[in-house]
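Residue strings, one per chain:
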Amino acid sequence: MIIKTKSLISVSILLACFASAMGQSSVWNLPESPADTSIVREWKAGKYLVYSKKLPSNKITLHDNYSPKAISIQIPSNVHINDFRIMGDTVFAGGYMLNASSKYGLIACFDINDMLGSSGTFHWMTFFQNTMSNDCCDVNYTDQVTEVKRIAPFNDGNGTCIAYIADNDIRSGTSVIYRRVGYGDVAFWGGLWDIHAYHYNKDGYERYTDIACTDKHIVVTAKDTGDNLFHFVVLNRMPNYANYCHPDAPDIYYFTDHAVIGQVMVTECGNDRFAVAYSYRDGANPGLAVKILDASSGVPILSHSIDIPLAANAFAEPVKDIRYSHSGSFLWYLTDMESPLSGLYNHYIHKVDLSNIYAGLYESRFITDEKFLSLDHYNYDGFVTSGLDNLGLSVFNEYIFGTETHCDNMELIPGFSSSPGIKIHSRHHCPTKPLSVSGSLSFTTIEEEAVLQCTTEE
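Residues numbered from 1 in each chain as written. Predicted model: local features only at pLDDT ≥ 70, side-chain atom pairs only at ≥ 80, totals over all residues. Heavy atoms only, no water.

**A few points about a nonpolar patch on the surface**
Point 1. On the surface, a cluster of nonpolar side chains totalling about 240 Å² of accessible area is made up of Phe128, Leu435 and Val437.
Point 2. Mapped onto the elements of the fold, Leu435 is located in strand β35 (residues 435-449). (Patch = residues over 30% accessible without salt bridge, like charges linked within 9 Å, V, L, I, M, F, W, Y side chains within 5 Å. Areas by Shrake-Rupley, 256 points an atom, 1.4 Å probe, with all protein chains shown as cover. Salt bridge = Lys/Arg side-chain N within 4 Å of Asp/Glu carboxyl O. Helix = DSSP H or I, 4+ residues; strand = E, 2+ residues; numbered from the N terminus.)

As structure tokens, then:
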């Protein structure tokens, strides 16, 4: 079956023809005016949630890929979400709450099943300023977590912990002395919030950009603030994981092969492995880098590394999201760039097959005039993205590949293996214990229409 109510295929650049197999791709427009923020996360097979914001609208929408109906809940206009993840049937979100002109870091959660009824409850907590004079690094300042940027929930056997990275201000009185990006965790046990230690990043040599949980570890990626190199730290996966005092700080690992553009994104790959992807620029030469590392011994080991060069002086933006598909052994990551084949700028979903990681040619998918803002795994071996087109907020998903017809275009972009060495250095590790306030907020659901723009199924 093929339904197309909108032309999405451009014939001006390389298109892919696949061998015949069962598969599907779909493009939906969701009930929203153009949004400046969009985040998509899969809940169950065929079902996903999308966060979107463009004031005055600020909401989360639940959609089943096989239904023209969508269910939405409104979020207060002074709340902004930067990331959310789903554990079982619970959404955990991180962002900030705006009070006048001040930001307060926010973590919240709710039960997705409540959306299937008529009402439910947000449980939330915000960070407040705490003194640091009694901390192990003993400084006469205060710290304020202002914005939670990325989160990685995990279950420790007692409940859910939410590891996070966040912006924070280190203050003397009312004056901001330093602006940093640190990391820590919050637990949600028995309906109550428990705030653990926060590494407030005293020296500020690393700007942390993403966080992921492997089987036994928490991996925090960064670029350094001097040379823009890729740095990362590997810590034990447990509540209060950031509670180390200098000089007992964990090592910081780094590579010197590339200068990172924007941020390094990370995802777990099973068996205590993790993958990172980032855009880079070495002089006039931009490209994409993917690295697979194994942390099972406690010391990270680089197992695979590929570089995908772009044309000299080509435009490349930071990687936005990365996911690993366990069933297909596929790695997906999302970024915007100028194609090395056509020279045209598009928003690309890149694929790396970890069973053939040094294939030499790597699939990159796009839809003309579709701006992808976030990505997640979908239906075992596929992906789902959310973003914008000329009709507003849209969602594109694809799974079980090999179809001759599809809603997107594909290019095969050449890349090659690389073998950079890992280096190590140490930093101060200064934890503090943030203060917080918590509460709950009721919500009601509304039913809206979703419009199918393209679908292919064979």
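Picking up after the structure, the text goes on.
**Digging into the sheet that holds strand β5 (residues 57-64)**
Point 1. As summarised here, the arrangement of the nine strands in space is β3-β4-β5-β6-β35-β10-β9-β8-β7, forming an open sheet in which the pairing is antiparallel. Single-partner strands in this sheet number two, and they are β3 (37-44) and β7 (79-87). The average angle at which neighbouring strand axes cross in this sheet is 25 degrees, direction not considered.
Point 2. Sheet topology places strand β10 (residues 119-128) next to β35; 10 bridges connect them, and they run antiparallel. The residue bridging Trp124 from the neighbouring strand is Gly439, located in β35. (Pairing = 2+ DSSP bridges. Axes fitted to C-alpha atoms, helices over the stretch in contact; angles between N-to-C directions.)

**Observations regarding the state of the cysteines**
Point 1. In total, this model carries three disulfides according to the counting rule given.
Point 2. Between the sulfur atoms of Cys136 and its disulfide mate Cys245 the distance is 2.2 Å. Residues Cys136 and Cys245 share a disulfide whose torsion about the S-S bond is about -120 degrees; that sign makes it left-handed. On the criterion of sequence distance, the pair formed by Cys136 in the loop between β11 (130-131) and β12 (142-155) and Cys245 in the loop between β18 (230-236) and β19 (252-254) is long-range, its members being 109 residues apart.
Point 3. The partly exposed category is assigned to Cys245, whose relative accessible area is 30%.
Point 4. Between the sulfur atoms of Cys137 and its disulfide partner Cys430 the distance amounts to 1.8 Å. An S-S torsion of about -80 degrees defines the bridge between Cys137 and Cys430 as left-handed. Taken together, the residues span a long stretch of sequence, with Cys137 in the loop between β11 and β12 and Cys430 in the loop between β33 (423-425) and β34 (431-432) at a distance of 293 residues.
Point 5. For Cys137, a relative accessible area of 17% corresponds to the buried category.
Point 6. On the accessibility criterion, Cys430 (0% relative accessible area) is buried.
Point 7. When the bonded cysteines of the protein chain are numbered from the N-terminus onward, they pair as 1-3, 2-5, 4-6.
Point 8. Its sulfur unpaired, Cys109 is 13 Å from the next cysteine sulfur, which belongs to Cys161. (Disulfide = S-S within 2.5 Å. Buried < 20%, exposed > 50% of the residue type's maximum accessible area, 1.4 Å probe, protein only.)

**Regarding the confidence of the model for the protein chain**
Point 1. With 93% of its residues at a pLDDT of at least 70, the protein chain reaches an overall mean of 91.
Point 2. Low pLDDT, under 50, characterises residues 1-21; the predicted model gives this stretch 62 contacts beyond four residues in sequence or across chains. (pLDDT = per-residue confidence, 0-100. Contact = heavy atoms within 4.5 Å.)

**A look at the sheet that holds strand β25 (residues 330-338)**
Point 1. The strand order β24-β25-β26-β27-β31 describes an open sheet built from five strands, whose pairing is antiparallel. Each edge of the open sheet carries a strand with a single partner, namely β24 (321-325) and β31 (409-414). Between one strand axis and the next, the sheet turns by 30 degrees as a mean value, whatever way the strands run.
Point 2. Bridge count between β24 and β25: five bridges; the pairing is antiparallel. Note on β25: the bridge partner recorded for Ser325 is Phe330.

**Structural notes on the side chain of Ser325**
Point 1. Topologically, Ser325 is positioned in strand β24.
Point 2. For Ser325, the side chain forms a polar contact with the main-chain oxygen of Tyr380, separated by 2.4 Å.
Point 3. When sequence neighbours within four positions are dropped, the list of residues in contact with Ser325 reads Phe330, Trp332, Tyr380 and Asp381. (Polar contact = N/O pair within 3.5 Å; in protein donor to acceptor, adjacent residues only side chain to side chain.)

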